[in-house]
Amino acid sequence: MDNRGLSQFSQHGDPRPNQPPGDAAKTGLSPSAPPAPLRPSYTRVAYTFLRNSLVRDMTFRANFLIDTISSMVWVLMNLGFYVLIFEYTPMIGAGTGWGKYQFFLFLGTTLIINSLTRGLFLANAIELSEHIRNGTLDFILLKPIDTQFLVSLGRIEWSALGPLGFGLVLMLHSFGQLGYAPGPVTVVLYVFYLACGCAIYYSLMIAMSSTAIWFGRNRSLLDFWFYITNFSRYPMEIYRGPWGDPLRWTFTFLVPVLVAVNIPARMLVRPLDVRTAADWTLPVFTIVATLAGLAVSRWVFQRALLSYRSASS
Amino acid sequence: MAVIETDQLAKSYRVYRKKEGLGASLAGLFRREYREVEAVRGIDLRVEEGEFVAFLGPNGAGKTTTLKLLSGVITPTAGTARVLGHVPWRRENAYRRRFALVMGQKNQLWWDLPAAESFRLHQEIYCIERDRFGQTCHELCEMLGVEHLLGQPVRELSLGERMRMELIAALLHSPEVLFLDEPTIGLDVVAQHTIQQFLREYQRLRRVTILLTSHYMRDVAALCRRVVIIAAGRIIYDGPLDGITGHFSGQKIVSLQLADGEMPTGLERLGEVLESRPPKVRICVPRGEVTRVLTHIFAHCAVQDVSVEDPPLDAVIAEVFSRS
């Protein structure tokens, strides 16, 4: 029996192929791994993605700084624009209840949701299209873990998370100006609907990028992201009249991007005790839309994977 | 026990037949013609546990498509396959934990990070216990001589170093079946040799079942006894490496060292003259004609030395590929 340690291997390769099984322990190679547990820890894998992405972002620190600064400048420009608007009007839409600081709560919510979905999912959704075009989705399909999870969280863009902090500060400032603080139930509901909003955006992104499997390429995702965030960053009350009503209806019930920001923001702006039964219709619908969105996007993703062709060798 | 079994496995693709020119492109927006490409046409393959099988074929023969089918990356149009008892394209985690695919032309490591970070991600995904991970990683790095490169970003590694890292990433979870798609493509002779030695040693020690595609006969000759040749999506040979020449080539090479510098006349009537630099002469003759040709030569020339050999394997394979 060959008793060499493997460290000497490179100097003395064994020229005999297809020999009977070697005694791995004696040769220095540890015995094969025992059966691994059936399910990897998704939390640990997600943590590793977060960590690896941060290490990568820090490697290119100039790029990281430029990205962070440009997204913060964009946020400040937006804020400046709205401050300017409120110089001319006390409220967005007469009688809507969206005064300056109520709207800044709305804006803070927009920043948090956009920042989370951009930082966590947008780069991945765009990269999915490239994985499909280049055939590198192969390696993702080989991993013994949920493919959609791996595709969705593979790269985290830390620089996109900057506006999240800014949104929180803006909201704290607005509460100070309004002179009240949300109760614990409101905070829980807010966080819950914030998660629903992120899930709705995520569902749209992943379903859209999955279509690249059928189309070969789908690079419209960034444009799409710009369009929907443009629509959803205003209170839904402004969409009224012959043009507004169809838009509100479409982007509430067909592509429910309006509820993604509006519902969590309303949770903060309108105290629970003044709500009527009608006020709960949209929040209940938001839960249904979130669940339906997640289910439909998963279905689209899995259907698309069945048609995956794996480009080139 | 058969680890890989396929029955009439087939895969075809519908490909857009794009015509040249702007007009054709505009017309293509409204109406398109497609053609059916049969990449794999009914493959029957059986690979036993611990075999190291070479999968040869010209570009576009269906080798990589077959590996992708067996690893569950794509789904077949017809036929069945079982690897380790699993249907690959069901993509069950229980199966995906037991095999690995290495592709020489695709990269699975994080480009901007050191390979060690990608290895750690694999550890989490494959649930490799920490001590075992450290030990396996150390052993594989030592075998491939890349321990000192673990902290270097992948984008700064040479192709050979990167390929070694790719192999380590694929082997960390100790797969029972390994699909290797041109793992030595583009590598220099030294890097090729290192990977060959590593694969041979690893296979000998771990007894993994390996299916290797490569265009380098050196890889195949060094590693595999069994060779499967695929052409135009069909298996045209499945047998020992040294049986290829006999199976495909009806020729023998007769090499002569003539006693004098005189070139005998009429040699071209005996076979194809490959070299004619008296006193050295080489003729390619039909296998069944060797005795007759030698008798003729001995009768007409003064011969100092003679040898009869099979044509080089590379040449035989090249001929088979070009015919297919």
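All of these numbers come straight from a predicted model, not from anything done at the bench. (Residues numbered from 1 in each chain as written. Chains lettered and ligands numbered in written order. Predicted model: local features only at pLDDT ≥ 70, side-chain atom pairs only at ≥ 80, totals over all residues. Heavy atoms only, no water.)

## Quick word on the sheet that holds strand β9 (residues 234-240) of chain B
Each strand in a sheet pairs with its neighbour through backbone hydrogen bonds, running either in the same direction (parallel) or in the opposite one (antiparallel). Residue and element names in this part refer to chain B. With mixed pairing, six strands are arranged side by side in an open sheet as β5-β6-β7-β3-β8-β9. Every interior strand has two partners, whereas the edge strands, β5 (99-103) and β9, have only one. Taken pair by pair, the neighbouring strands of this sheet meet at an average axis angle of 15°, ignoring direction. Pairing of β5 with strand β6 (residues 177-181) involves five bridges; the strand directions are parallel. Looking at the pairing, Val-102 lines up with Leu-180 of β6. (Pairing = 2+ DSSP bridges. Helix = DSSP H or I, 4+ residues; strand = E, 2+ residues; numbered from the N terminus. Axes fitted to C-alpha atoms, helices over the stretch in contact; angles between N-to-C directions.)

## Examining the domain arrangement of chain B
Residues and elements named next belong to chain B. Annotation of chain B at the domain level lists domain 1 (2-9 + 46-245) and domain 2 (249-323). On the side of domain 2, 10 residues touch domain 1, which itself brings nine residues to the contact. Summed over both partners, the interface of domain 1 with domain 2 buries about 820 Å², with 78% contributed by carbon and sulfur atoms. If you look at where domain 1 meets domain 2, you find zero salt bridges. There are zero residue pairs in polar contact (both at pLDDT 80 or more) connecting domain 1 and domain 2. Each residue belonging to the side of domain 1 that touches domain 2 can be placed in one class, and the counts come to seven nonpolar, two polar and no charged. (Domains from an automatic or database assignment. Contact = heavy atoms within 4.5 Å. Buried area = accessible area lost by both parts, 1.4 Å probe. Salt bridge = Lys/Arg side-chain N within 4 Å of Asp/Glu carboxyl O. Polar contact = N/O pair within 3.5 Å; in protein donor to acceptor, adjacent residues only side chain to side chain. Nonpolar A, V, L, I, M, F, W, Y, C, P; charged D, E, K, R; others polar.)

## Section: empty space enclosed by the protein
As enumerated under the stated definition, the model contains two cavities of 30 Å³ or more in all. Size it by volume and the largest cavity reaches roughly 70 Å³. What lines the largest cavity is a set of 13 residues, among which Leu142(A), Lys143(A), Ala100(B), Leu101(B) and Tyr126(B) lie closest to the centre. Every element with two or more residues in the lining of the largest cavity is listed here: α5 (137-142) of chain A together with β5 and α6 (159-171) of chain B. The leading source of residues in the lining of the largest cavity is β5(B), at three residues. Taken together, the residues of the lining of the largest cavity sort by class into eight nonpolar, three polar and two charged. (1 Å grid on protein atoms, 1.4 Å probe; cavity = no way out; pocket = protein on both sides within 12 Å on 5 of 7 lines; lining within 4 Å. Points joined across faces, edges and corners; volume = space filled by probe spheres on them.)

## A look at the packing of aromatic side chains
Within the structure shown, the criterion is met by 20 aromatic pairs over all chains. Geometrically, the ring pair formed by Phe49(A) and Trp110(B) is stacked, given 6.5 Å between the ring centres and 20° between the ring planes. Taken together, the residues Phe49(A) in helix α2 (residues 42-59) and Trp110(B) in the loop between β5 and α4 (115-125) connect one chain to another. There is no split in this pair, since Phe49(A) and Trp110(B) are both buried. Site record: aromatic cluster; members linked through ring pairs are Phe81(A), Tyr82(A), Phe86(A), Trp98(A), Tyr101(A), Phe103(A), Phe104(A) and Phe106(A). A cation sits over an aromatic face here: Arg155(A) above Trp110(B), 4.1 Å from the ring centre. (Phe/Tyr/Trp six-rings, centres within 6.5 Å; stacked < 30°, edge-to-face > 60°. Buried < 20%, exposed > 50% of the residue type's maximum accessible area, 1.4 Å probe, protein only. Lys NZ or Arg CZ within 6 Å of the ring centre and 35° of its normal.)

## Comments concerning the pairing of strand β8 (residues 226-231) of chain B
Residue and element names in this part refer to chain B. Most of β8 is tucked away: six of the six residues are buried. For β8 and β9, the ladder comprises six bridges, and the chain directions are antiparallel. Among the inter-strand pairings, Val-227 is bridged to a residue of β9, identified as Gly-239. Count of turn residues in the β8/β9 antiparallel hairpin: two residues, of which Ala-232 carries a positive phi of about 50°.

## Focus: helix α5 (residues 130-144) of chain B
All names here are of chain B. Taking 1.5 Å per residue, 15 residues should reach 21 Å; α5 reaches 21 Å between its end C-alpha atoms and fits that length. When α5 is considered as a whole, its buried residues turn out to be Arg-132, Phe-133, Thr-136, Cys-137, Glu-139, Leu-140, Cys-141, Met-143 and Leu-144. For α5, the secondary structure elements touched by its buried residues are α4, α6 and α7 (189-206). One or two positions beyond α5, positive phi appears at Gly-145, with a value near 65°. (Expected span 1.5 Å × (residues − 1).)

## Overview of the nonpolar core
Counting 166 residues, the largest nonpolar core has Leu137(A), Phe119(B), Met165(B) and Phe179(B) as the members making the most contacts within it. Per-element tally for this core: the top contributor is helix α4 (residues 100-134) of chain A, with 13 residues. Two domains each put at least three residues into this core: domain 1 (2-9 + 46-245) and domain 2 (249-323) of chain B. Other than its neighbours up to four places away in sequence, Met165(B) contacts Leu109(B), Ala115(B), Phe119(B), Val146(B), Leu149(B), Leu150(B) and Leu157(B). (Core = buried A, V, L, I, M, F, W, Y, C linked by side-chain atoms within 4.5 Å.)

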